[in-house]
Amino acid sequence: MLRVIVFCDVCNPQGIRYIEQQHNSEDGDEGERRITDGRAWYEGSLTEAEQTGWVIDDDKHICPKCEARRNKS
């Protein structure tokens, strides 16, 4: 099975992912986010990521937390 992982181009441009260091959904975080530094990724298709609040453009993918910060500016 092919795994598809979408990385946030704002907070995780290097595509760093360590599943054992993620917040769980009880913390109120959507998708996956590293506990140590908050870098985000989503494991699933672009369509699924978009349905959970990710912004998917042709050249950039942005997690919901970074998008919320961008909209406050």
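Before reading on, note that the structure itself is shown above.
None of these values were measured; they are calculated from a predicted model. (Residues numbered from 1 in each chain as written. Predicted model: local features only at pLDDT ≥ 70, side-chain atom pairs only at ≥ 80, totals over all residues. Heavy atoms only, no water.)

### Let's talk about the pattern of salt bridges
Here is step 1 of the chain: One pass over the structure, following the stated rule, counts 2 salt bridges.
Here is step 2 of the chain: Close ionic contact of arginine 3 with glutamate 43 constitutes a salt bridge, the shortest N to O distance being 2.9 Å. With arginine 3 in the segment before β1 (5-7) and glutamate 43 in strand β3 (residues 40-43), this residue pair connects regions lying 40 residues apart in the sequence.
Here is step 3 of the chain: Relative accessible area serves as the criterion here: at 45%, arginine 3 is assigned to the partly exposed category.
Here is step 4 of the chain: Of the charged contacts, one joins glutamate 67 and arginine 70 as a salt bridge, the two residues approaching to 3.1 Å between their closest N and O atoms. (Salt bridge = Lys/Arg side-chain N within 4 Å of Asp/Glu carboxyl O. Helix = DSSP H or I, 4+ residues; strand = E, 2+ residues; numbered from the N terminus. Buried < 20%, exposed > 50% of the residue type's maximum accessible area, 1.4 Å probe, protein only.)

### Description of a negative patch on the surface
Here is step 1 of the chain: Residues Asp9, Glu50, Asp57, Asp58 and Asp59 make up a contiguous surface patch of negative charge.
Here is step 2 of the chain: Counting through the fold element by element, aspartate 57 comes out in the loop between β4 (55-56) and β5 (61-62).
Here is step 3 of the chain: The class of aspartate 57 is partly exposed, set by a relative accessible area of 38%. (Patch = residues over 30% accessible without salt bridge, like charges linked within 9 Å, V, L, I, M, F, W, Y side chains within 5 Å. Areas by Shrake-Rupley, 256 points an atom, 1.4 Å probe, with all protein chains shown as cover. Lys, Arg positive; Asp, Glu negative; His and termini not counted. Charge placed at Lys NZ, Arg CZ, Asp CG, Glu CD.)

Any functional reading would require information that these geometric values do not contain.
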